[in-house]
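Each chain, written out:
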Amino acid sequence: MTTIAIIGAGPGLGAAVARRFGGEGFDVALIARTHERTSGLAADLAREGITARGFAADVRDPKALGAALDAATATLGPIEVLQYSPLPHRDFMRPVLETSATDLVGPIEFSVYGPVAAVQQVLPGMRALGRGTVLFVNGGSAVVPHPGRAGTSIAFAAESAYGHLLHDTLAGEGIHVAQLIIPGEIIPGHARKDPTVLADVLWGLHQDRHGFRHFADDLDA
C-alpha cells in the first residue's frame, strides 16, 4: 500500500484526513513543526488500526521538509498523495498598508517555497508509481484578496498559480493536482466545514480527479 503525506497535520482537518485515507488502506505520514504535535495523533491512529508515523519539519525550511518527506517514504513506502495544508501564522495577516517587503518573506516561504519543495520531493516517486495526487488546501483569500490579510492573500495567490500550473502540466502523467478553498474557519459540526466532511471532500477530489479549484462552502459564508 502507498502513503498519504499530510503537511500541517494536527487534531482538526489533518486528523480527519488521516482517518479517511487510512480507512481506505493508506499509510499516513503526519508532518508538523514538532514531533509532539504528531506523536499523539499517530498513536491514536495506530489504536484504530491505521499505520501512521510522525515527522518533524518547518515548511519554511525546504531542506528539512524534503528530509521529512524522504524519511516518510523510507519508513512507510511511496507517497501517492500529498496534502499541503499548514495553518498560516497570524503575523502573516497584516493590513496591506502596514505590510512591508520584509513582512512578505514569511508568507512566501510558507505558501510558495514550502509547496514547491514538497512537490519536487515527492514527484519522482509519483512518476515511478504512474499515479499520484497533490491536494492544496487554502482559505478564501486565495481567491478574493483581503486588505486586512495582505500576506496570506499575496502568498496564497502565488500558491494557487503554482498549483494550477502543476494541474495543467502533470495531468497527462496520471498525477492529479487540486485545490480546496475553505472560506472562513473550519467548524466542527458545520454542514460543509466540519473536518470529517472536508476529509470526505478531499477523498472525493483524489478519487474523481477532475478540475483544479473546488470550494468547500460559499465564499461569503
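Described below are features of the structure shown in this document. (Residues numbered from 1 in each chain as written. Predicted model: local features only at pLDDT ≥ 70, side-chain atom pairs only at ≥ 80, totals over all residues. Heavy atoms only, no water.)

**Some details on the packing of aromatic side chains**
Then, number 1: For the structure on display, the rule yields five aromatic pairs.
Then, number 2: Where Phe26 meets Trp203, the ring centres are 6.2 Å apart and the plane angle is 80 degrees; that geometry is what we call edge-to-face. Of this pair, Phe26 sits in the loop between helix 1 (13-23) and strand 2 (27-32) while Trp203 sits in helix 6 (residues 195-208), and the two are 177 residues apart along the sequence.
Then, number 3: On the basis of relative accessible area, Phe26 is assigned to the buried category, the value being 6%.
Then, number 4: Three or more aromatic residues joined by ring pairs form one cluster here, namely Phe21, Phe26 and Trp203. (Phe/Tyr/Trp six-rings, centres within 6.5 Å; stacked < 30°, edge-to-face > 60°. Helix = DSSP H or I, 4+ residues; strand = E, 2+ residues; numbered from the N terminus. Buried < 20%, exposed > 50% of the residue type's maximum accessible area, 1.4 Å probe, protein only.)

**Focus on the pairing of strand 5 (residues 132-139)**
Then, number 1: Of all the eight residues making up strand 5, eight are buried; the element is thus mostly covered by neighbouring parts of the structure.
Then, number 2: Judged by which residues are buried, strand 5 turns out to be covered on both faces: Gly132, Val134, Phe136 and Asn138 on one side and Thr133, Leu135, Val137 and Gly139 on the other are all buried.
Then, number 3: Across four bridges, the pairing between strand 4 (residues 79-84) and strand 5 is parallel. Counted as the bridge partner of Val81 is Thr133 from strand 5.
Then, number 4: Each parallel crossover has a hand, and for strand 4 linked through helix 4 (residues 105-129) to strand 5 it is right-handed. (Pairing = 2+ DSSP bridges. Right-handed = clockwise from strand over helix to strand, strands pointing away.)

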